[in-house]
Amino acid sequence: MTKPIRIAIGGFQHETNTFAPHKAPLSEFLKVDSWPGLTEGVALFDVMSGLNIPIAGFIEAAQQNKIKLHPVLWCSAEPSSYVTEQAFEAIADKICESIQTVKNLDGVYLDLHGAMVTEHFEDGEGELLRRVRAIVGPDMPVIISLDLHANVTEEMVANTTAITIFRTYPHLDMAETGLRAYQLMEAALKGEKLIGGIRKVPFLFPLTAQCTSLEPCQSIYQAVSQVGKNTTSRLYAEFACGFPPADIFECGATILAYGSNQLEVDSILDELLAQIIDAEPHFDINLLTPDQAIQQAMRNTVNKPVVLADAQDNSGAGATSDTTGLLEALVRNKAQSAVLGLMHDPQVVELAHQTGLGNEFKTSLGAKSGLEGVMPFNSSFRVEALADGNFTFTGDMYKDSAAELGPMALLRVVDDGCDVRVIVGSERMQCLDLAIFRHLGVEPTQQKILVVKSSVHFRADFDPIAAETLVVAAPGAHPCELTKLSYKNLRPGIRLEPMGPEQKNQ
Ligand SMILES: [Zn+2]
């Protein structure tokens with residue numbers, strides 16, 4: 001009788017913005033947010049079932065093929081600054097100890113982000129994979145999937161058999177990327193040997209220029225997904241746009257390719273790199289000022305909302321989601337039928353719940369995170385709706401996932417000159433799903449201006465209802481104007497933005 005194939009599976013996700021004010025301690029990985037909390041053992045199967053998360057895609061395919069899985073643990077935290085040493089060591093230890101206990105292990109699959117910086121390692125995933133490789137030895141298949149915003153490192157490549165990466169931003173293909181990882185695992189278990197290669201792109205480009213439904217990323221990802229389509233042997237490529245607000249040596253976009261023949265792999269890598277360098281002048285990194293964007297939105301005559309992306313205060317990229325630049329500008333410009341989501345301010349939410357529906361109160365909204373130069377918005381507010389933060393996402397990215405965002409409130413700025421409302425929440429969450437507005441009784445399609453604290457993910461759900469979408473530079477801890485950042489650790493020579501200046505030796 002042949003023994004059953006046994007694969008250890010797990011996940012450890014963090015996207016680290018080293019310019020953000022708050023670190024990620026263990027408690028951030030334990031709690032439920034827009035994704036499940038830390039989940040161990042067989043509970044993983046139920047928790048992940050049907051979700052658009054890489055490990056869910058891997059599990060589904062493995063179970064269909066009757067592969068025995070050893071569920072280790074899966075966790076994630078909302079993007080922020082450094083993962084604490086204590087959090088990294090506690091979670092990495094659990095993963096390594098669990099893998100070590102499995103008898104007759106045949107492979108390891110890990111669902112990682114690829115941009116984790118810890119207090120003690122620039123490359124969190126590289127360190128984790130180095131430890132896993134040391135346990136399982138050089139020959140066992142170790143396959144990982146990564147986020148499109150991964151800063152892929154040499155260490156990650158060296159300690160894995162193969163890597164898959166999301167090909168969409170907004171990330172609609174997360175589970176599919178896990179499925180591709182499963183297919184590679186299946187091939188590796190049959191003895192197929194892959195040769196991999198890596199090329200780093202010589203310039204950074206901000207998240208606002210990484211959307212895969214806009215050029216040039218649309219064409220680049222089309223080319224990436226076409227690799228190997230006409231070959232009989234296995235040959236594939238992946239591309240990560242990188243996560244620029246990470247002051248580390250290997251920050252930036254990366255191309256990977258895998259195949260059975262080194263020459264073939266190298267020529268694919270060189271072709272894709274040439275295509276990306278050719279596209280360098282076409283990355284759109286321009287942002288509007290709040291006044292420009294609001295005034296343009298107020299001139300709109302189409303009977304649909306104009307969506308303003310408060311891209312630099314996107315908690316999904318580690319920002320605090322409590323800056324007030326766009327809110328202040330909406331009121332100053334006397335905007336009408338405008339709603340902003342999602343301002344993080346648990347204290348004001350609590351006050352609103354105490355004040356009660358229909359009542360007014362005076363407070364200082366936002367700026368609680370103490371980000372330099374960010375002022376709170378002082379005003380009277382009327383409580384227009386209160387909610388518990390428990391609802392189901394409806395947009396394609398998080399479809400059918402359960403949100404547990406804690407108490408929330410819809411507040412109207414009491415000011416006769418404008419019609420401006422703010423959705424305030426107790427948890428930091430990127431505003432990427434129309435269900436956030438509807439949970440507070442706001443029908444987004446009926447508004448004139450919607451402001452979302454998001455860089456690109458909102459586009460999957462909001463672009464279809466928008467008259468137009470404008471990307472705005474208001475204050476925030478997710479800087480999109482990269483030449484304004486004081487990097488210290490980037491590799492010398494990398495250009496700080498497309499066609500931009502080079503990083504100088506420190
Ligand atoms: Zn991402």
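Remember, predicted model here, so these are calculated numbers, not experimental data. (Residues numbered from 1 in each chain as written. Predicted model: local features only at pLDDT ≥ 70, side-chain atom pairs only at ≥ 80, totals over all residues. Heavy atoms only, no water.)

**Q** How do you make sense of the overall build of the protein when you look at a structure like this?
**A** When helices and strands are tallied, the protein shows 14 helices and 19 strands. Computed over C-alpha atoms, the radius of gyration of the protein comes to 23 Å, within 12% of the 23 Å expected from 2.2 N^0.38 for 506 residues, which places it in the range of a compact globule. Once the C-alpha set of the protein is aligned to its principal axes, its extents read approximately 75 × 45 × 45 Å. Out of the 506 residues belonging to the protein, those deemed buried represent 61%. For the protein, the proportion of contacts with a sequence separation of at least 24, taken over those separated by at least 6, is 74%. Taken as two groups, the 39 positive and 63 negative side-chain charges of the protein have centres that lie 2 Å from each other. (Helix = DSSP H or I, 4+ residues; strand = E, 2+ residues; numbered from the N terminus. Rg over C-alpha atoms; globule rule 2.2 N^0.38 Å. Buried < 20%, exposed > 50% of the residue type's maximum accessible area, 1.4 Å probe, protein only. Contact = heavy atoms within 4.5 Å. Lys, Arg positive; Asp, Glu negative; His and termini not counted. Charge placed at Lys NZ, Arg CZ, Asp CG, Glu CD.)

**Q** Even after reading the chapter, I still don't get the pairing of strand β9 (residues 254–259), so can you show me in this structure?
**A** Both faces of the sheet carry side chains from a regular strand, because those side chains alternate between them. With respect to burial, β9 is a largely interior element, six of its six residues being buried. Residues Thr254, Leu256 and Tyr258 of β9 are buried on one face, and the alternating residues Ile255, Ala257 and Gly259, pointing to the opposite face, are buried as well. Pairing of strand β7 (residues 195–200) with β9, which is carried by six bridges, proceeds in the antiparallel orientation. Along β9, the bridge assignment pairs isoleucine 198 with leucine 256. (Pairing = 2+ DSSP bridges.)

**Q** It is not clear to me how the coordination of the zinc ion should be interpreted in this structure. Could you clarify?
**A** Metal coordination angles in their ideal form are 109.5 degrees for the four-donor tetrahedron and 90 or 180 degrees for the six-donor octahedron. On the protein side, the zinc ion has Asp147 (OD), Asp147 (OD), His149 (ND1) and His171 (NE2) as donor atoms, found 2.0 to 2.7 Å from it. Coordination at the zinc ion is irregular: its four donor atoms span angles of 52 to 141° at the metal. Along the chain, the residues donating to the zinc ion fall in the pattern D-x1-H-x21-H. Within this pair, whereas histidine 149 is found in the loop between β5 (142–146) and α6 (154–158), its partner histidine 171 is found in the loop between β6 (162–165) and α7 (174–189), the two being separated by 22 residues in sequence. We classify histidine 171 as buried; its relative accessible area is 3%. (Donors = N, O, S within 2.8 Å, 3.2 Å for Na, K, Ca; no water. Tetrahedral: all angles 85-135°; square planar, octahedral: opposite > 155°, others 65-115°.)

**Q** It is not clear to me how empty space enclosed by the protein should be interpreted in this structure. Could you clarify?
**A** Any empty space left between the atoms is revealed when a probe the size of a water molecule rolls over them. Enumeration according to the criterion identifies two cavities of 30 Å³ or more in this entry. Size it by volume and the largest cavity reaches roughly 350 Å³. Glu15, Trp35, Pro79, Gly316 and Tyr398 are, among the 25 residues lining the largest cavity, the residues nearest its centre. Residues belonging to the lining of the largest cavity are distributed by class as follows: 10 nonpolar, 11 polar and four charged. Each pocket or cavity is described by its volume, and for the second largest cavity that value is around 40 Å³. (1 Å grid on protein atoms, 1.4 Å probe; cavity = no way out; pocket = protein on both sides within 12 Å on 5 of 7 lines; lining within 4 Å. Points joined across faces, edges and corners; volume = space filled by probe spheres on them. Nonpolar A, V, L, I, M, F, W, Y, C, P; charged D, E, K, R; others polar.)

**Q** Explanation requested: the pattern of salt bridges in the structure shown.
**A** Pairing is possible between side chains that carry opposite charge, provided their charged atoms lie close to one another. Taken as a whole and judged by the stated rule, the model has 25 salt bridges. The salt bridge involving glutamate 280 is made with arginine 495; its shortest N-O contact spans 2.8 Å. Placement of the pair is glutamate 280 in the loop between α9 (262–278) and α10 (290–298) and arginine 495 in the segment after β19 (468–472), with a sequence separation of 215 residues. Where arginine 459 meets aspartate 463, a salt bridge forms, and the shortest distance between an N and an O atom there is 3.2 Å. (Salt bridge = Lys/Arg side-chain N within 4 Å of Asp/Glu carboxyl O.)

Interpretation note: all reported values are geometric properties and have no functional meaning in isolation.
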